[in-house]
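The residues making up each chain are set out below.
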Amino acid sequence: MTEKNVVTAIHDALHDEMAADDRIVVLGQDIGVRGGVFRITQGFIDEFGDRRVIDTPLAESMIVGLALGMSLHGLLPVAEIEFADFIHPAFDQIVSEVARMRYRTNGDFGLPMVIRVPWGGGIHGALYHSQSIEAFYAHVPGLKVVAPSTPADAAGLLRSAIRDPDPVLFLEHKKTYRLVKGEVPDEPFTVPIGNADVKREGEDLTVVAYGLMLHQCLDAASRLEEETGMHAEVIDVRTISPLDKQTILDSVRKTGKAMVVYEDNRTYGAGAEIVATIAEEAMFDLDGPLLRIGGPDVPAMGFAASLEHAFMPDTDRIYQRMLELARF
Amino acid sequence: MTEKNVVTAIHDALHDEMAADDRIVVLGQDIGVRGGVFRITQGFIDEFGDRRVIDTPLAESMIVGLALGMSLHGLLPVAEIEFADFIHPAFDQIVSEVARMRYRTNGDFGLPMVIRVPWGGGIHGALYHSQSIEAFYAHVPGLKVVAPSTPADAAGLLRSAIRDPDPVLFLEHKKTYRLVKGEVPDEPFTVPIGNADVKREGEDLTVVAYGLMLHQCLDAASRLEEETGMHAEVIDVRTISPLDKQTILDSVRKTGKAMVVYEDNRTYGAGAEIVATIAEEAMFDLDGPLLRIGGPDVPAMGFAASLEHAFMPDTDRIYQRMLELARF
Amino acid sequence: MATRVGPETSHEALGLSPDDLLAMYRFILSARLCDEAAFRLNRQGKAPFVVPVSGHEGCQVGTAYALQPGSDIWLPYYRDLAVVLVAGFTPKDIFLGLFAKADDPSSGGRQMPSHWGSRRLGIMSHSSPIATQIPHAAGIAYAAKYRGEKTVAACWFGEGATSEGDWHEGLNFSGIHKLPVVYVCENNHYAISVTQAQQMAIENVADRAAAYGFPGVVVDGSDTLACYAAMKHAVERARAGEGPTLIEAKTYRFFPHTSDDDDRSYRSREEVEEAKHRDPLLVFGRYLTEHAIADAGTLDAMEAEQRAEIDRQIDEAWSAPDPDPRTLEDRLYAGGGE
Amino acid sequence: MATRVGPETSHEALGLSPDDLLAMYRFILSARLCDEAAFRLNRQGKAPFVVPVSGHEGCQVGTAYALQPGSDIWLPYYRDLAVVLVAGFTPKDIFLGLFAKADDPSSGGRQMPSHWGSRRLGIMSHSSPIATQIPHAAGIAYAAKYRGEKTVAACWFGEGATSEGDWHEGLNFSGIHKLPVVYVCENNHYAISVTQAQQMAIENVADRAAAYGFPGVVVDGSDTLACYAAMKHAVERARAGEGPTLIEAKTYRFFPHTSDDDDRSYRSREEVEEAKHRDPLLVFGRYLTEHAIADAGTLDAMEAEQRAEIDRQIDEAWSAPDPDPRTLEDRLYAGGGE
Ligand SMILES: Cc1ncc(C[n+]2csc(CCOP(=O)(O)OP(=O)(O)O)c2C)c(N)n1
Ligand SMILES: Cc1ncc(C[n+]2csc(CCOP(=O)(O)OP(=O)(O)O)c2C)c(N)n1
Ligand SMILES: [Mg+2]
Ligand SMILES: [Mg+2]
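Right, let's walk through the structure included here. (Residues numbered from 1 in each chain as written. Chains lettered and ligands numbered in written order. Predicted model: local features only at pLDDT ≥ 70, side-chain atom pairs only at ≥ 80, totals over all residues. Heavy atoms only, no water.)

Some details on the overall build of chain A
- Within chain A one finds 13 helices and 14 strands.
- Since a compact globule built from 328 residues should have a radius of gyration of about 20 Å, the 20 Å found for chain A is in line with a globular shape.
- Each principal axis of the C-alpha atoms in chain A carries an extent, and together these give about 60 × 45 × 40 Å.
- Counting across all 328 residues of chain A, residues that qualify as buried make up 75%. (Helix = DSSP H or I, 4+ residues; strand = E, 2+ residues; numbered from the N terminus. Rg over C-alpha atoms; globule rule 2.2 N^0.38 Å. Buried < 20%, exposed > 50% of the residue type's maximum accessible area, 1.4 Å probe, protein only.)

Rendered as structure tokens:
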């Protein structure tokens, strides 16, 4: 075990996978001598060379389409989109091509490939460096979408993603990069795609979250325990698609109360599916209202600190809603 | 009043608006001499000329970006995307540019423009001529998304969309184009954006739908009445964003039972938001489970008739679930 | 500016034997006959959707024949019936797709007809959205080069496809890395109804190659040997590590865009009839007779035999099983259903 | 192939008066001083994010000065501080944006600094995603032509932007319809750390104009008058209905990409110092003194006066109110909040 932040955990896992398998190549903007704007590929160009560490032109659709072609011809590409906000030009390649290759060929072709994407707010990124994009892609059959929130999960899920026979969209919350630290096993362990994780056990209510919000929920949960002695069970979704309904429903059936917290625009967001799933499958086990906390329905957050702060669901607001629900 | 099918209703409304206001231009692929692949702009090129009826190159991102520029400089563009399946290359222009212009300029700029998109299945379109796209765009703040299901609503909502000071994504279900006929007022009436419509009144359960599914739900509802004497209230969402919660919640509070039907892939689909909204705001008024019927989570429908049929939620399946719920 | 290749007079100079020429003619003929049969089946209500090839067979066979089946990679688009025949599809494979049968090698009846794909034959699956396969070709070529193979990736598309951003992005990357890829534009001057003049402000698509740092070549698409010559040279350059080539074959589509299209609204019958004077089947047939590779009788016999063979394969395809609706959710992910 | 313009020797030939030259110099100087002040404020912790312009001022002022403020349309990108000064922004406007104040004319503190926009001044709002404004420029130019105006739309971007599909799609449409638009590429040879050689296989972005059927022009970006000459000619062509021009100004970015960047990882200090010998401020200053438009003393006085003025406007901007968090959901739709 070694304590690492999220950036280091991802850097090390990616590095070790590349060292072990030369079919793996990384491609993206500024990932070479610059080491990536978030330093995930720091030093890679010197160790693996520019044939395996490819600084691409400024063209996201091409980056994804190129990775697809590489995957079709025996490589294991790990593409980086510089910011989640800039993945939109690649929407057609991801939705029409990457996600559908296996299905449209009736299983004749498969596409092992990973698209790494730094997402999320709280870093003064304003409208175009703060977006959440999971709702768009979780809805796309054929694509797996993971969003780890801790260094260990990031490392373990990245290894699973690289070894997965199908395409994986790998979401890394920018604010957690250096903020969140934790113990990471030194051996090449994996965390399975498709399993949510109970990050904190409790019996009074269930709180479902992912990304930065998971940590805010954990903080609110500790405060709830300190101030009221009540225990929130906090579930880290980890894999947004396919969604691990079982873990969520088991917890809700146990606590009888549920709330879902996410940073993205609230309406038609990923949290809607989680709430809808609980409502459809566990409504009669509930003894309290079903709550959802999401970001306001405006395009991401403003640059001004006052606007960014007003956008992000904060620990205090989450705590207050937890309290109401627990007391209900 | 004149009886028209959906194609004629849209053709006539668009024609009359263009005749009345020469700021309106239409642009898209094959909309000129070809009259559009679905004949919506039949004859326009002769009447309005090629400066107002623009056959564009094969580039959807450009079509939307071009329309944005036209709107910024005083025109009222109505862009056509040939099939909803081909709007994906324009995702960035729609999400990052069109939807955000007013917000990002703090109201300094506004973008009156319409993007017309034929969507949906049941026409032997296979994986890439059958898709539903509403879930992707309903989640985008700043963009209005409408999906009429009848000739009158199509005409009235198109006029509202063209006159709206903000961008509107106008979804036309391909299967309804010639299948659905109805009386359309001859005067230039409008149907307000943002209002759902109770297409059939009832007290035993509430059924929420849009697009082709609305008609299947109406058929199932008549059968329910004939065979059991029970009455389903069928709500046509009409505007997917902003969602008319009030009309839906009022009905659910009245009937105490609700089901949501949509053609798109079920998981993380638009129906999830509707179910979640009902669960959050009316759970204690429910005296039955909350049901959702959606398409399977595979990329659209296969070309083989057997696969297409297996994909589409059909009237019989809808009827059976209605029956269960009504009897609950 | 793009260079011009052809007219090609001697097949010997190209290293093509009489057998090669007859094989090429057979492919052209077979594609033409498949087309006619498909439209016949469409009228009979047995084939709901047909994408014609007629008019394009010469440039398709000419370019495809210069590749190495088994090792080179094919990225065709829906118009490329003749390309996939050269790549190894049988007429039966074509009709299994047309009838959307369970054994359709491209998609098991999931995709529309003419959306080709076969892992075994190295034909990369493509979708309906235009030009998305261009960056795929670059990625495949990059992987082939990375792995030290001599593989060449060839990618076909229409002139309308050149307007999509993906086309620009893919060619740009290919040029930067001097990848072993050949881009073939089948310029038939229409994108459904949109004319070339509405599509671009230039006369030759091939001139765009200069924007990406590699050569562009214009060739007469009805001259099969000229197309072969241009492709042969491009493939050699690619194998030698000299990078991509953009070949533009000027051609014409004899039938409507698809069986759903009505082309009378956008082009005159005279224009269509005029174009048929340069029918690649006639042009190449004439070459064979003039060079005494075959006489008219041989070619007629070949046609009769092909017709019978194709009809036989159509019957086999027609009687094949439809996809089982219970497989609807299979093969979305690895291991998902057998 | 692109043509070359300049070096430009005589301003008279360009119809520029001594006052014009002094005004142009003042814009260049003022942009430079805004840049220095912004980095100072960044170090003081008062400006979290700065996008530098230094090195680009010559080509920005040279091209922008050839437009008609009030009627022509500006589509700048984040690097174009000097362009928006010419278009009518005051230094205070710049710093209201830098401090994300409620009165920031571009976005009221919603967007990052240097994401320019002003309806009043005809500066079209842009976003962070690169190259999305290219089709907007085409649409605006189409509308201007449709309405029978003499308006010209001018659109600036870096060489990295040319790799995006939108760039290709927008230029293609502009060429087809011979639109009154001028595209200006500020080629500083880097897209953050990605070199031009990694970005494209060609030396001159301007050569790509041939792919769209209109002229491309290469000009030395440190030669302000040469940039003006190229732009003046392009604007005249556009107004005369002769269509678009692609101008490529070879320039250099003296500072890191932004205040968040560290450029030592991808370029040597020697390279940066070398480039400063062609500092457009020095080059143009020399022109003014050599042509006796102004002596060193006048220029020094202008600098002192500008410095004081900018500091005054910075203080005003700094003390302006922050956005009210209660306005977070306002102005998403028309009528949504005041
Ligand atoms: C992205 C996208 N937009 C629109 C379409 C509809 N469409 C299908 S084929 C076609 C024309 C293609 O023309 P071209 O590339 O010249 O090929 P051709 O059919 O002429 O051989 C269009 C517009 C599509 N399939 N994909
Ligand atoms: C679509 C998109 N991808 C990536 C980025 C991140 N990014 C911001 S600026 C930049 C480099 C732009 O280089 P260039 O166009 O040459 O302009 P310069 O900064 O050199 O003036 C990149 C990659 C972005 N803003 N948008
Ligand atoms: Mg064509
Ligand atoms: Mg640059």
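Next comes the rest of the write-up.
Concerning the packing of aromatic side chains
- With the rule as written, the count across this model stands at 49 aromatic pairs over all chains.
- Look at D:Tyr65 and D:Tyr228: their rings are 6.3 Å apart centre to centre, the planes differ by 55°, and that puts the pair in the tilted class. Taken together, the residues D:Tyr65 in the loop between helix 2 (57-64) and strand 2 (73-75) and D:Tyr228 in helix 8 (residues 224-239) connect sequence positions 163 residues apart.
- Residue classification places D:Tyr228 among the buried residues on the basis of a relative accessible area of 8%.
- Members of the aromatic cluster, each reached through a chain of ring pairs, are A:Phe91, A:Phe136, A:Tyr137, B:Phe91, B:Phe136 and B:Tyr137.
- Cation over ring: A:Arg223 sits above A:Tyr319, and NZ or CZ is 3.8 Å from the ring centre.
- In this arrangement the basic side chain of C:Arg267 is found over the ring face of C:Tyr190, its NZ or CZ atom lying 5.6 Å from the centre. (Phe/Tyr/Trp six-rings, centres within 6.5 Å; stacked < 30°, edge-to-face > 60°. Lys NZ or Arg CZ within 6 Å of the ring centre and 35° of its normal.)

Observations regarding the interface of chain C and chain A
- Each side of the interface is counted separately: chain C has 43 residues, and chain A has 38 residues.
- At the boundary of chain C with chain A, the tally comes to zero salt bridges.
- Connecting chain C to chain A are 21 residue pairs in polar contact (both at pLDDT 80 or more).
- Listed by contribution, the elements that provide at least two residues to the side of chain C that touches chain A are helix 5 (133-146) and helix 6 (165-176) of chain C.
- At 10 residues, helix 5 of chain C tops the list of elements feeding residues into the side of chain C that touches chain A.
- Classifying every residue of the side of chain C that touches chain A by side-chain character gives 18 nonpolar, 16 polar and nine charged. (Contact = heavy atoms within 4.5 Å. Salt bridge = Lys/Arg side-chain N within 4 Å of Asp/Glu carboxyl O. Polar contact = N/O pair within 3.5 Å; in protein donor to acceptor, adjacent residues only side chain to side chain. Nonpolar A, V, L, I, M, F, W, Y, C, P; charged D, E, K, R; others polar.)

Looking at the site of ligand 2
- Lining the immediate environment of ligand 2, one finds 21 residues, of which A:Glu60, D:Tyr77, D:Tyr78, D:Arg79 and D:Tyr190 sit closest.
- Looking at the residues close to ligand 2, they fall on chains A and D.
- Between ligand 2 and D:Glu159, the relevant distance is 3.0 Å, taken from an oxygen atom to a side-chain nitrogen or oxygen of the residue.
- For ligand 2, an oxygen atom lies 2.9 Å from a polar atom in the side chain of D:Asn188.
- Protein chains shield 96% of the accessible area of ligand 2, which is 580 Å² for the free molecule. (Near = heavy atom within 4 Å. Areas by Shrake-Rupley, 256 points an atom, 1.4 Å probe, with all protein chains shown as cover.)

Here's the deal with the coordination of the magnesium ion (ligand 3)
All names here are of chain C.
- Protein coordination of the magnesium ion (ligand 3) is provided by Glu 159 (OE), Glu 159 (OE), Asn 188 (OD1) and Tyr 190 (O), with donor distances spanning 2.0 to 2.8 Å.
- Its six donor atoms give the magnesium ion (ligand 3) angles of 50 to 176° at the centre, a pattern that matches the irregular case.
- Read from N- to C-terminus, the donor residues coordinating the magnesium ion (ligand 3) fall into the pattern E-x28-N-x1-Y. Of this pair, Glu 159 sits in the loop between strand 3 (153-158) and helix 6 while Tyr 190 is found in strand 5 (residues 190-191), placing the two residues 31 residues apart along the sequence. (Donors = N, O, S within 2.8 Å, 3.2 Å for Na, K, Ca; no water. Tetrahedral: all angles 85-135°; square planar, octahedral: opposite > 155°, others 65-115°.)

Observations concerning unusual backbone geometry
- Residue A:Pro242 is bonded to the preceding A:Ser241 through a cis peptide linkage, with omega at -5°.
- For A:Pro242, the location among the structural elements is in the loop between strand 12 (239-241) and helix 10 (245-255).
- Unlike most non-glycine residues, B:Asp30 shows phi in positive territory, near 65°.
- Tracing the backbone shows B:Asp30 in the loop between strand 2 (24-28) and helix 2 (44-48).

Focus: the relation of the copies chain B and chain A
- Of the transformation superimposing chain B on chain A, the axial component is 0.0 Å and the angular component is 180°, with the fit at an RMSD of 0.0 Å. What the superposition gives is, in effect, a two-fold axis relating one chain to the other. Residue B:Ala276, judged by its C-alpha, is the member of chain B lying nearest the rotation axis, at 2.4 Å.
- Most of the interface of chain B is mirrored in chain A, where 100% of its interface residues again form contacts. (Least-squares fit on C-alpha atoms with pLDDT ≥ 70 in both.)

Some points on the environment of C:Leu299
Residue and element names in this part refer to chain C.
- By the secondary structure assignment, Leu 299 is in helix 11 (residues 296-318).
- With a relative accessible area of 7%, Leu 299 lands in the buried category.
- In this structure, the C-alpha to C-alpha distance between Leu 299 and Thr 289, residues 10 residues apart in sequence, is 8.9 Å.
- Beyond its immediate sequence surroundings of up to four residues, Leu 299 is in contact with Tyr 25, Gly 285, Leu 288, Thr 289 and Ala 294.

Examining the site of ligand 1
- In the vicinity of ligand 1, 21 residues are found, and the nearest of them are B:Glu60, C:Tyr77, C:Tyr78, C:Arg79 and C:Tyr190.
- Site remark: ligand 1 is flanked by residues from chains B and C.
- Contacts to ligand 1 include C:Ala161, whose backbone N or O atom sits 3.1 Å from an oxygen atom.
- Note that an oxygen atom of ligand 1 is positioned 2.7 Å from one of the backbone N or O atoms of C:Tyr190.
- Here ligand 1 loses 96% of its free accessible area of 580 Å² to cover by the protein chains.
- Across the shell around ligand 1, the residue classes break down as 10 nonpolar, six polar and five charged.

Some details on the sheet that holds strand 2 of chain D
Residues and elements named next belong to chain D.
- On the basis of which strands lie adjacent, the open sheet formed by six strands has the order 1-7-8-4-3-2 and parallel pairing. The open sheet is flanked by strand 1 (3-5) and strand 2, the only strands paired with a single partner. Geometrically, the sheet is characterised by an average inter-axis angle of 20° between neighbouring strands, direction not taken into account.
- In this structure, strand 1 lies alongside strand 7 (residues 216-220), joined through three bridges in parallel fashion. Bridging from a neighbouring strand, Arg 4 pairs with Val 218 of strand 7.
- Relative to strand 3 (residues 153-158), helix 5 (residues 133-146) is tilted by about 170°, and along the sheet it contacts strand 2, strand 3 and strand 4 (181-187).
- Most of the contacts of helix 6 (residues 165-176) go to strand 4, to which it runs at about 145°, and overall it touches strand 3, strand 4 and strand 8 (245-250). (Pairing = 2+ DSSP bridges. Axes fitted to C-alpha atoms, helices over the stretch in contact; angles between N-to-C directions.)

Comments concerning the nonpolar core
- If you look at the biggest cluster of nonpolar residues, it comprises 192 residues, and the most contacted ones within it are A:Tyr137, A:Ile278, B:Tyr137, B:Ile278, C:Tyr183 and D:Tyr183.
- Look past the residues within four positions of D:Tyr183 in its chain and what remains in contact with it is D:Ile134, D:Ala137, D:Ala138, D:Cys155, D:Phe157, D:Gly170, D:Leu171, D:Ser174, D:Phe214, D:Thr245, D:Leu246 and D:Ile247.
- Core analysis: the second largest hydrophobic core is formed by 116 residues, B:Ala232, C:Met24, C:Trp116 and C:Met231 among them. (Core = buried A, V, L, I, M, F, W, Y, C linked by side-chain atoms within 4.5 Å.)

Purely geometric numbers; function is a separate question.
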